[in-house]
Amino acid sequence: MANKSHLLVPHSDEEELLSQEQEKKIWTVAVVDDDSAFCSTVAMCIHTFEDFALFGTYSSSAEILVALQHDTPDIILMDIHMPIMSGIECTEIICREGYDTTVIMLTSAHQEELIFDALKAGAKGYMSKMVLPADIHKALREVADGGSPMSAMIARRFINHIQAVWGKANRAGVSSLTEQEHTILVLMAKGLPYKTISSRLNISTLTVQKHVQHIYRKLDVNNKRDAIAYYMQSKKS
């Protein structure tokens, strides 16, 4: 069982500093869609935003997965429908591998079942492709501020799903983690990005990602959101 006396928990002044840094941060955004015209349009919009920068545009799931091996954007706008590998399948891989990024799904219509599947795969929200530049910025800003752009109906359904995950949580799952894994999970629950965690623990970001994969496997979850939910519920049981 992890020794909680050794946990590295950020102090309030450090949390305030982190919040100030996030406010000043330029968030990088990748756009993944097989519609090149749409990618170009969104890219041009992002170039006009002072608080966001274009990471790159990608025409397939395979392309973004290759790019992630070299660097990671803060946010990925991912089309649900793409040939060979769908955006949902790609999102599941991204979350399972522990990349420190937030995936937002792009939809051409209100496809409730597909959106819900994408959220279960690890996406943090969705955005209609039929929007104005101001709407794109609003959705990105919501993500940057820690929110999840989605309708109330989808949000309620997903809350029910999360509660089901919480219901399975128990101390045995969390106690199976090593001390390092437990510390990383605590810092994840406090909202720290992988780069900050790696600096605080004096390990590489790649090592943090490997620990995160081990955490997912031991807790039987597929993404950061469910892992944190599991941890929070285990504290209550």
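One can find the structure itself at the top, above this paragraph.
Residues numbered from 1 in each chain as written. Predicted model: local features only at pLDDT ≥ 70, side-chain atom pairs only at ≥ 80, totals over all residues. Heavy atoms only, no water.

Side note on the sheet that holds strand S1 (residues 27-32)
Paired through their backbone hydrogen bonds, the strands of a sheet run either parallel or antiparallel. Note the following rule: Strands are labelled as partners when DSSP assigns at least two bridges between them. Segments assigned H or I by DSSP are reported as helices when at least four residues long, segments assigned E as strands when at least two residues long, and all are numbered from the N terminus. Lines are fitted to the C-alpha atoms to define the axes, a helix being fitted only along its stretch in contact, and any angle between axes, read from their N-to-C directions, falls within 0 to 180 degrees. We call two residues in contact when some of their heavy atoms are within 4.5 Å.
With parallel pairing, 5 strands are arranged side by side in an open sheet as S2-S1-S3-S4-S5. Taken across any chain shown, the strands that pair with only one partner, and hence form the sheet edges, are strand S2 (52-58) and strand S5 (125-128). Across the sheet, the axes of successive neighbouring strands diverge by a mean angle of 25°, strand direction being ignored. Looking at chain direction, strand S4 (residues 102-107) and S5 are connected through 4 bridges and run parallel. Note that in S5 the partner of Met 105 across the bridge is Tyr 126. Those strands touched by helix H4 (residues 87-96) are strand S3 (75-79) and S4, and its axis lies near 150° from that of S3.

As for the nonpolar core
As a reminder, the rule being used: Only buried residues count toward a nonpolar core, which is a set of Ala, Val, Leu, Ile, Met, Phe, Trp, Tyr and Cys residues joined through side-chain atoms within 4.5 Å. Partly exposed describes any residue whose relative accessible area lies between the buried limit of under 20% and the exposed limit of over 50%, with all areas from a 1.4 Å probe on protein chains only and scaled to the type maximum.
Ranked by internal contacts, the top residues of the largest apolar core, which has 23 residues, are Ile 64, Ile 76, Met 78, Ile 94 and Met 105. Among the secondary structure elements, those contributing two or more residues to this core are S1, helix H3 (61-67), S3, H4, S4 and helix H5 (112-121). Counting residues per element, this core draws most heavily on H5, which supplies 4 residues. Residues Leu 177, Leu 201, Ile 215 and Tyr 216 belong to the second largest nonpolar core, which totals 21 residues.

Section: unusual backbone geometry
Although it is not a glycine, Ile 84 sits at a positive phi angle of roughly 70°. Tracing the backbone through its elements, the reader meets Ile 84 in the loop between S3 and H4. By relative accessible area, which is 91% here, Ile 84 ends up exposed. Even without a glycine there, the phi angle at Asn 202 is positive, about 60°.

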